[in-house]
Amino acid sequence: MADSTTTARTIISHLIANGVRTFVLCPGSRSAPFAYALYDAEQAGLIRLHVETDERVGGFVALGAGSVGELTAVVTTSGSAVANLHPAVEEAYYGGIPLIVLSSDRPHHMRGVRASQTTDHRAVLAGSMRDFREFPAGGLLANAGGLVRRIVGSAQGRFRGTVPGPVHINVGFVEPLMPDSSWDTAASDVAQAQRESAKERADVRAVVVAGSSRYLRNLDFALFDAVPILAEPTSGLRQHPNAVVAHPIMLSTQLRGQINRVLVVGHPTLTREVSALLADEHVDVFIVDDLPAYADVAGQGRVVDAADIPAVLGENHNWLAAWQAGSAAAENYIRQHVTDFSYAGIGREISRLSTHLPLIVGASSIIREINLYAALPAPPVYANRALAGIDGTMSSALGIGLATGKPVRVVLGDLTFVHDLGALVHTAHQRSLDLDVVVIDDGGGSIFATLEYGTGHQAVYDRVFRTAKELDIEAFAQAVGASYQPVDSLAQLRQALGQLPVGVRIVHVRLGYTAMDEDRALRSQLRQHVLHAVHLGLNDIQ
């Protein structure tokens, strides 16, 4: 946890390291940590400091500096001070002029209780900001450098699809607000922040983490020929020869601790293993600029363009060979042993037998099973991963079929199916689309068994997490005029998936209910078996 003096100095250090050299200070009590830090930075010759008592004037001073190319931060105290910046912020927004609002705030718990000089700073300026970042009072600062770098880039319009304009950093401060001593290390702290931003390494052991992206689907595969690729099912890089099988499991091997650089392509969303990797402060994170915004979930990444990829990744053939050996070992085990009528076997067969038509995959268990156990390389699938909700999955599949004119297959769990039943009610006098709806019916939301909730009580789990629905899927198919095909084995599933849909067909994969403890144990056991096989494969090359 960070005190107010450390917070202020850290943020000012990173602003200076990212090219902000001019600051306009409007004095106040809550902004005292910034005031002292700016004074010391001025004394060290690091910045140009201008002081104004009227925030409206200060805002326009910063605007004027920005209009001639000098990115400037205007610093205010809490309360109505921020509102006085609004005219200058509006001008910057519509004029495309870079400007940084650096506001000082009370702790969050003081909002909404009529505490003195407390208001919602974001609400005051939200409609006129290109970007907003907040540092809660007493919060951690591990990702301060990345967040500041991102918001400075937003102010300058450096990211794809953006233009210059105003941005807002809101910082909560708690007492004491006055430092015990002067900031004698200002110059060295700024230099350290600059070194963190550069992220230079002699020995690069990089991986690519790839998620969904419309814009980045057409990147040149040759850019990634010397690096392992951890590609989610929605990524176009899933087709690359270097795509790693069972990569979440591979991130539990000794290779995980050797990763020192990650390049993020697209929007990865599926696993906690990847999220932990991207949040590791010992790993340099680079992100390929994307639309509508790049994915930097831990706020410590550095944005690069496609042209920068070779320099970021480097070449380390022994490193790539180790990942390929582990991937081959995982694939060999899965191919030989994942042959039962289970989520893993179903996911693998769906991926293998759906390459001839557009495949849309619902959220929750099935996309994760494909991510874990499908053979690679393989074509990417479609999925609504921007917010990763289960709603509207069949409707989205209908839209893809409508737009492409092709038969479409959508695969989803029973709860995701129930969530979008209305999509299958046919509109009168409208041509029917050719749609396969593969419903994996396991009696509710079994994905929760794989999370911490699966360690609790069975009754609680079934009642408020699994929430099985009582629906006769065959009767529903008849009601909406869809054909119905039950599946009770992998052989039947293969037979069903070998057919192209004609009209709407519901393929009911009757996996059935498995108790929470048993479900969790079976999934964990399979992961452990694959992990053991990978360890053996890695040992063979050492």
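Residues numbered from 1 in each chain as written. Predicted model: local features only at pLDDT ≥ 70, side-chain atom pairs only at ≥ 80, totals over all residues. Heavy atoms only, no water.

Caption draft 1: Local environment of the overall build of the protein. What the protein contains, in helices and strands, is 20 helices and 16 strands. Projecting the C-alpha coordinates of the protein onto the three principal axes gives extents of approximately 75 × 60 × 45 Å. Per-residue burial over the protein gives 55% buried out of 542 residues. Intrachain contacts of the protein at a sequence separation of at least 6 include 75% that bridge at least 24 residues. Summing over all exposed atoms, the protein offers an accessible surface of approximately 23300 Å²; the carbon and sulfur share of this is 51%. Distance between charge centres in the protein, computed from 43 positive and 54 negative side chains, equals 3 Å. (Helix = DSSP H or I, 4+ residues; strand = E, 2+ residues; numbered from the N terminus. Buried < 20%, exposed > 50% of the residue type's maximum accessible area, 1.4 Å probe, protein only. Contact = heavy atoms within 4.5 Å. Areas by Shrake-Rupley, 256 points an atom, 1.4 Å probe, with all protein chains shown as cover. Lys, Arg positive; Asp, Glu negative; His and termini not counted. Charge placed at Lys NZ, Arg CZ, Asp CG, Glu CD.)

Caption draft 2: View of the UniProt feature "domain: Thiamine pyrophosphate enzyme N-terminal TPP-binding" (unreviewed entry) in the protein. Mapped onto the present numbering, the UniProt feature "domain: Thiamine pyrophosphate enzyme N-terminal TPP-binding" (unreviewed entry) falls on residues 6-120. What you have in residues 6-120 is 41% helix and 17% strand, and the ends, taken at the C-alpha atoms, are 24 Å apart. (UniProt positions renumbered as here; feature names shortened; annotations may be inferred.)

Caption draft 3: Structural detail: the UniProt feature "domain: Thiamine pyrophosphate enzyme TPP-binding" (unreviewed entry) in the protein. Within this structure's numbering, the places UniProt gives as "domain: Thiamine pyrophosphate enzyme TPP-binding" (unreviewed entry) are residues 387-499. In residues 387-499, helix accounts for 38% and strand for 16%; the two terminal C-alpha atoms are 32 Å from one another.

Caption draft 4: A look at the packing of aromatic side chains. Under the criterion given, the structure shown has eight aromatic pairs. Measuring from ring centre to ring centre gives 6.1 Å for Phe448 and Tyr453, while their planes differ by 65°; the resulting arrangement is edge-to-face. Take Tyr453: its relative accessible area is 33%, and that puts it in the partly exposed class. Among the aromatic side chains, those forming a connected cluster through ring pairs are Phe448, Tyr453 and Phe465. Note that Arg130 overlies the ring of Tyr93, its terminal NZ or CZ placed 4.3 Å from the centroid. When the ring centre of Tyr294 is taken as origin, the NZ or CZ atom of Arg150, which lies over that ring, is 3.7 Å away. (Phe/Tyr/Trp six-rings, centres within 6.5 Å; stacked < 30°, edge-to-face > 60°. Lys NZ or Arg CZ within 6 Å of the ring centre and 35° of its normal.)

Caption draft 5: Representation of the pattern of salt bridges within the structure. Counting across every chain of the model gives 18 salt bridges. Glu175 is the partner of Arg30 in a salt bridge, and the nearest nitrogen-oxygen pair spans 3.0 Å. Of this pair, Arg30 sits in the loop between strand 1 (22-25) and helix 2 (32-43) while Glu175 sits in the loop between strand 6 (166-172) and helix 7 (186-198), placing them 145 residues apart in sequence. For Glu175, a relative accessible area of 55% puts it in the exposed group. (Salt bridge = Lys/Arg side-chain N within 4 Å of Asp/Glu carboxyl O.)

Caption draft 6: Representation of the sheet that holds strand 7 (residues 206-210) in the model. Spatial strand order, 8-7-9-10-11: five strands in an open sheet with parallel pairing. Looking at which strands have only one partner, the edges of the open sheet turn out to be strand 8 (229-231) and strand 11 (302-304). Across the sheet, the axes of successive neighbouring strands diverge by a mean angle of 25°, strand direction being ignored. Pairing of strand 9 (residues 261-265) with strand 10 (residues 284-288) involves four bridges; the strand directions are parallel. Counted as the bridge partner of Val262 is Val285 from strand 10. (Pairing = 2+ DSSP bridges. Axes fitted to C-alpha atoms, helices over the stretch in contact; angles between N-to-C directions.)

Caption draft 7: Main features of unusual backbone geometry. Glu175 connects to Pro176 through a cis peptide bond whose omega is 5°. The residue Pro176 is located in the loop between strand 6 and helix 7 in this model. Omega for the peptide link from Leu376 to Pro377 comes to 0°, which places this bond in the cis form. Of note, the phi angle at His429 is positive, near 65°, even though the residue is not glycine. By the element assignment, His429 lies in the loop between helix 16 (414-419) and strand 14 (435-441). One non-glycine residue, Thr467, adopts positive backbone phi at about 45°. Relative to the helices and strands, Thr467 is located in the loop between helix 17 (458-466) and helix 18 (473-480). Overall, Thr467 belongs to the partly exposed group, its relative accessible area being 29%.

Caption draft 8: A look at the pairing of strand 4 (residues 99-105). Counted residue by residue, strand 4 has seven buried out of seven residues, so it is predominantly covered. Residues of strand 4 alternate between two faces, with Leu99, Val101, Ser103 and Asp105 on one and Ile100, Leu102 and Ser104 on the opposite face, all of them buried. The pairing of strand 3 (residues 72-76) with strand 4 spans four bridges and is classified as parallel. Its bridge partner being in strand 4, Ala73 is matched across the sheet by Ile100.

Caption draft 9: Quick look at helix 13 (residues 343-352). In terms of residue burial, helix 13 counts as a mostly covered element, since nine of its 10 residues are buried. Taken together, the buried positions of helix 13 are Tyr343, Ala344, Gly345, Ile346, Gly347, Arg348, Glu349, Ile350 and Ser351.

Caption draft 10: Local environment of the packing of helix 14 (residues 365-373) against helix 20 (residues 516-540). Where helix 14 contacts helix 20, the axes come no closer than 12 Å and their chain directions differ by 15°. Classified by the angle their axes make, helix 14 and helix 20 are roughly parallel. Handedness of the helix 14/helix 20 crossing: left-handed. Residues Ser365, Glu369, Leu372 and Tyr373 of helix 14 form the contact with helix 20, whose participating residues are Arg523, Leu526, Arg527 and Val530. In terms of residue class, the contact of helix 14 with helix 20 is made up of four nonpolar, one polar and three charged. (Parallel < 35°, antiparallel > 145°, perpendicular 65-115°, else oblique. Left-handed = near helix turned anticlockwise from the far one by under 90°. Nonpolar A, V, L, I, M, F, W, Y, C, P; charged D, E, K, R; others polar.)

Caption draft 11: A look at the nonpolar core. Counting 40 residues, the largest nonpolar core has Val207, Ile259, Val262, Leu277, Trp323, Tyr373 and Val530 as the members making the most contacts within it. Elements represented by at least two residues in this core include exactly strand 7, helix 8 (247-250), strand 9, helix 10 (272-279), strand 10, helix 12 (317-337), helix 14 and helix 20. Dropping the residues within four chain positions of it, Ile259 is found in contact with Arg205, Val207, Leu251, Leu277, Val283, Trp319 and Trp323. Listed in part, the 38 residues of the second largest apolar core include Ile16, Val20, Ala73 and Phe173. (Core = buried A, V, L, I, M, F, W, Y, C linked by side-chain atoms within 4.5 Å.)

Caption draft 12: The arrangement of the sheet that holds strand 6 in detail. As summarised here, the arrangement of the six strands in space is 2-1-3-4-6-5, forming an open sheet in which the pairing is parallel. At either end of the open sheet lies a strand with only one pairing partner, and these are strand 2 (48-51) and strand 5 (131-135). Strand-to-strand twist across the sheet, computed as the mean angle between neighbouring axes with direction ignored, equals 20°. Summarising the sheet, strand 4 and strand 6 pair through seven bridges and their orientation is parallel. Of the residues in strand 6, the one forming a bridge with Leu102 is Ile169.

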